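These are the residues of each chain, in order.
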Amino acid sequence: MKSKLKISKKTASARKAGATSNSVLRDAARHLINTYKRSDMVFTHGRGCYLFDQHGKKYLDFLGGIAVNALGYSYPALVNTIRREAGRAIHVSNLFHNPFQGPLAAKLALWSHMDRVFFTNSGSEAIEGALKLARIAAHRKPGGENKTRILALENSFHGRTFGALSITHTPKYREPFVPLVPGVEFVRFNDTADLEEKFSDDVCAIVIEPIQGEGGIFPVNDAFWKRARELATQHGAALIADEIQSGLGRTGREFACQRLTGLPDIIVVAKPLAGGLPLGAFLAREEFASAFSPGLHGSTFGGGPLVCATALTFMNTVEQKHLLANVLTRGAELRAGLKTLAAKFDFIREIRGEGLMLGIDLDVDGTPYVAEALKQGLLINCTHEHILRLLPPFILTAQQVKEGLSKLESVFAKTERPAKLQAVPSTTAGALTLAAAR
């Protein structure tokens, strides 16, 4: 009798969950602006590196909210901080100080070797602020009224607002919204000769992702970065590092640009900074930061007490739990396992990336593999139609690496292979060859 009662309760619970999710999906279909290609999955909660859907099914998260959930889900220290500060003050105007903004700025300065910080709500907002700062700093130099051009890289992605979109190279993002901010020119990726040809005294900034994320996990090489640093100094321009996806520990370093020769002038961060709450920032050397004075820039919500307290907890946790070392170790294990899979499946062309920011470059459409992974309880995504992107939480364990690799092997084995893609470069060198031919 008890057994039947348990089954009955379980069935009732499942029906209720199904009815609720149907209502959620119905409301979404009717009222949300159609900007995302979503599955019918409704995630209700998470714990550690796992998410759970409306039916209670468990998923290993190798996407991390697209590089946001660095401490996974329901991390106790973050939960405690959010609960504590929600009961004290969620928001205080930036006309006043709060207890956490200054200490968080100091921590970010320590990690980055920058001097000053401005807080925003998102990565795109931080990019906008960085561009404004670079432009006004250039204007204040002799002959600076003509320093208006901005250089960015081919294959780049920097955000969806007009300024950020203007320095985003991919045509499908840009072209529907032209005309955009004028004066932007794109440099071929890792091509120092093209960089030198396009850099001149009228450039106020060059913006570089140390590892292109949305573009397909392509790392900038040291020769290119070093030359960009030299040219920016020579021409009085700002070198801006977009570390929205690659920064704050994702590669096993505080910032991905720290593997390269020479510091940037401005660093842009967001995604994992407040553990899933909306917070971004741009960090700058004093020479550039001093170009802003009261009234030239601002934010209503940027850097409120709740989000800054949570961000401090995130950064302190990374330090105290030695998570950078964990990222390096788990990243090496994951990369080694992916290379083993590449030897088994000939449609895998290349494994790229650092730490827990990895890309699996395929010579076929990656979409069916993402769908099959979802069926098998693994969250990944596909960028540029053929690159599977892995961005798991920093707290990933060795056992979870093995679990993820096992699921990926099953996904590759069970998915019917799509038709081979035509004329897709498999390496950075291939991309440069294709670009040079245009």
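Since the structure is predicted, the reported quantities are computational estimates derived from the model, not experimental observations.

1. Focus: the overall build of the protein
For step 1, the next point in the chain: Counting its regular elements, the protein contains 15 helices and 17 strands.
For step 2, the next point in the chain: Taking 2.2 N^0.38 as the reference for a compact globule, 438 residues should give roughly 22 Å; the C-alpha atoms of the protein span a radius of gyration of 23 Å, in line with that estimate.
For step 3, the next point in the chain: Taken over 438 residues, the protein has a buried fraction of 51%.
For step 4, the next point in the chain: When the accessible surface of the protein is totalled, it reaches about 20,300 Å², and 56% of it is carbon and sulfur.
For step 5, the next point in the chain: Measuring between centres, the 53 positive side-chain charges of the protein sit 11 Å from its 41 negative side-chain charges.

2. Observations concerning a nonpolar patch on the surface
For step 1, the next point in the chain: On the surface, Phe-162, Phe-177 and Val-181 cluster together to form a nonpolar patch covering roughly 290 Å² of accessible area.
For step 2, the next point in the chain: Mapped onto the secondary structure, Val-181 falls in the loop between α7 (171-174) and β6 (184-187).

3. What to know about the packing of aromatic side chains
For step 1, the next point in the chain: Under the definition given, this model contains eleven aromatic pairs.
For step 2, the next point in the chain: Ring geometry for Phe-347 and Tyr-369: centres 5.3 Å apart, planes at 20 degrees, overall stacked. Taken together, the positions of Phe-347 in the loop between α12 (323-344) and β13 (348-354) and Tyr-369 in helix α13 (residues 367-375) put the pair 22 residues apart, joining distant regions of the chain.
For step 3, the next point in the chain: According to the relative accessible area criterion, Phe-347 is buried, its value standing at 3%.
For step 4, the next point in the chain: Linked through ring pairs, Phe-345, Phe-347, Tyr-369 and Phe-412 together constitute an aromatic cluster.
For step 5, the next point in the chain: Over the ring of Tyr-50 we find Lys-58; its NZ or CZ atom is 4.2 Å from the centre of that ring.

4. What to know about helix α14 (residues 398-414)
For step 1, the next point in the chain: In this model, α14 (17 residues) spans 24 Å end to end at C-alpha, consistent with the 24 Å of a helix rising 1.5 Å per residue.
For step 2, the next point in the chain: Of the residues making up α14, those classed as buried are Gln-400, Val-401, Gly-404, Leu-405, Lys-407, Leu-408, Ser-410, Val-411 and Phe-412.

5. Let's talk about the packing of α12 against α14
For step 1, the next point in the chain: It is at 10 Å that the axes of α12 and α14 come closest, and there the two elements cross at 20 degrees. With respect to each other, α12 and α14 are oriented roughly parallel. Regarding α12 and α14, the two cross each other, and that crossing is right-handed. Within the contact between the two elements, α12 uses Arg-330, Glu-333, Leu-334, Gly-337, Leu-338, Leu-341 and Lys-344 and α14 uses Ala-398, Val-401, Leu-405, Leu-408, Glu-409 and Phe-412.
For step 2, the next point in the chain: Classifying every residue of the contact of α12 with α14 by side-chain character gives eight nonpolar, one polar and four charged.

6. What to know about the sheet that holds strand β2 (residues 50-53)
For step 1, the next point in the chain: The strand order β1-β2-β3-β15 describes an open sheet built from four strands, whose pairing is mixed. Bordering the open sheet on either side are β1 (43-47) and β15 (378-379), each of which pairs with just one other strand.

7. Some remarks on helix α4 (residues 101-112)
For an α-helix the count is 3.6 residues per turn, leaving residues at separations of three or four pointing the same way.
For step 1, the next point in the chain: Taking 1.5 Å of rise per residue, twelve residues should cover 16 Å, and α4 covers 16 Å from first to last C-alpha, within 8% of that figure.
For step 2, the next point in the chain: Considered for burial, the residues of α4 that qualify are Leu-104, Lys-107, Leu-108, Ala-109, Trp-111 and Ser-112.
For step 3, the next point in the chain: The elements touched by buried residues of α4 are β4 (116-120), β11 (266-269), β12 (280-284) and α11 (305-320).
For step 4, the next point in the chain: His-113, located one to two residues past α4, shows a positive phi value of around 65 degrees.

8. Considering the nonpolar core
For step 1, the next point in the chain: Counting residues in each nonpolar core, the largest one holds 82 residues, and the members touching the most others are Leu-338, Ile-360 and Phe-412.
For step 2, the next point in the chain: Top element by residues in this core is α11. It accounts for eight residues.
For step 3, the next point in the chain: What Ile-360 contacts, discounting residues up to four positions off in sequence, is Leu-338, Ile-348, Glu-350, Ile-351, His-386, Ile-387, Leu-388, Leu-390, Leu-408 and Phe-412.
For step 4, the next point in the chain: Ile-127, Ala-138, Ala-152 and Val-268 belong to the second largest nonpolar core, which has 28 residues in total.

9. Quick look at unusual backbone geometry
It is generally the case that most residues other than glycine have a negative phi and that most peptide bonds are trans.
For step 1, the next point in the chain: In this model, Val-178 is joined to Pro-179 through a cis peptide bond whose omega is 5 degrees.
For step 2, the next point in the chain: In this structure, Pro-179 sits in the loop between α7 and β6.
For step 3, the next point in the chain: Positive phi outside glycine occurs at His-113, with the angle close to 65 degrees.
For step 4, the next point in the chain: Assignment of secondary structure puts His-113 in the loop between α4 and β4.
For step 5, the next point in the chain: For His-384, which is not glycine, the phi torsion reads 55 degrees and is therefore positive.
For step 6, the next point in the chain: Along the chain, His-384 turns up in the loop between β16 (381-383) and β17 (387-390).

Conventions used here
Residue positions are given per chain, counting from 1 as you read along its sequence in written order. This being a predicted model, a pLDDT of at least 70 is required before a residue's local features are given, and a value of 80 or more before pairs of side-chain atoms are given or counted; all residues contribute to the totals for chains, interfaces and linings. Excluding hydrogens and water, the side-chain values take into account all heavy atoms of the structure. Comment: elements are numbered from the N terminus, with helices defined as DSSP H or I runs of at least four residues and strands as E runs of at least two. Computation of the radius of gyration draws on C-alpha atoms alone. For the globule rule, the value is 2.2 Å times the number of residues to the power 0.38. Exposure is judged per residue with a 1.4 Å probe applied to protein chains only, and the accessible area is read against the type maximum: over 50% gives exposed, under 20% gives buried, and values in between give partly exposed. Here the accessible surface of atoms and residues is derived via Shrake-Rupley with a 1.4 Å probe, and residues count as covered only by protein chains that are part of the display. When charges are counted, neither His nor the chain ends are considered; positive counts come from Lys and Arg and negative counts from Asp and Glu. By convention, charge coordinates are those of NZ in Lys, CZ in Arg, CG in Asp, or CD in Glu. Two joining distances apply to patches: 9 Å for like charges and 5 Å for nonpolar side chains (Val, Leu, Ile, Met, Phe, Trp, Tyr), and every residue must have over 30% relative accessible area and no salt bridge. What counts as a salt bridge is simple: a side-chain nitrogen of Lys or Arg found within 4 Å of a carboxyl oxygen of Asp or Glu. Aromatic rings from Phe, Tyr and Trp, taking only the six-membered ring of Trp, are treated as a pair when their centres fall within 6.5 Å; an angle between ring planes under 30 degrees marks them as stacked, one over 60 as edge-to-face, and anything in between as tilted. Throughout this description, the term charge over a ring refers to an Arg CZ or Lys NZ atom that lies within 6 Å of the ring centre and within 35 degrees of the ring normal. Every helix has an expected span of 1.5 Å times one less than the residues it contains. Convention adopted: a line fitted to C-alpha atoms gives each axis, helices being fitted over their contacting stretch, and angles between N-to-C directions are expressed from 0 to 180 degrees. Note on terminology: angles under 35 degrees are roughly parallel, angles over 145 are roughly antiparallel, angles of 65 to 115 are roughly perpendicular, and the others are oblique. Here a crossing is taken to be left-handed if its near helix is turned anticlockwise relative to the far helix by less than a right angle, and right-handed if that turn runs clockwise. Residue contacts are defined here by distance: any two heavy atoms, one from each residue, within 4.5 Å place the two residues in contact. Polarity classes work like this: nonpolar for Ala, Val, Leu, Ile, Met, Phe, Trp, Tyr, Cys and Pro, charged for Asp, Glu, Lys and Arg, and polar for all others, with Gly in that last group. Pairing between two strands is assigned when DSSP locates at least 2 bridges connecting them. To qualify as a nonpolar core, a set must consist of buried Ala, Val, Leu, Ile, Met, Phe, Trp, Tyr and Cys residues joined through side-chain atoms within 4.5 Å.

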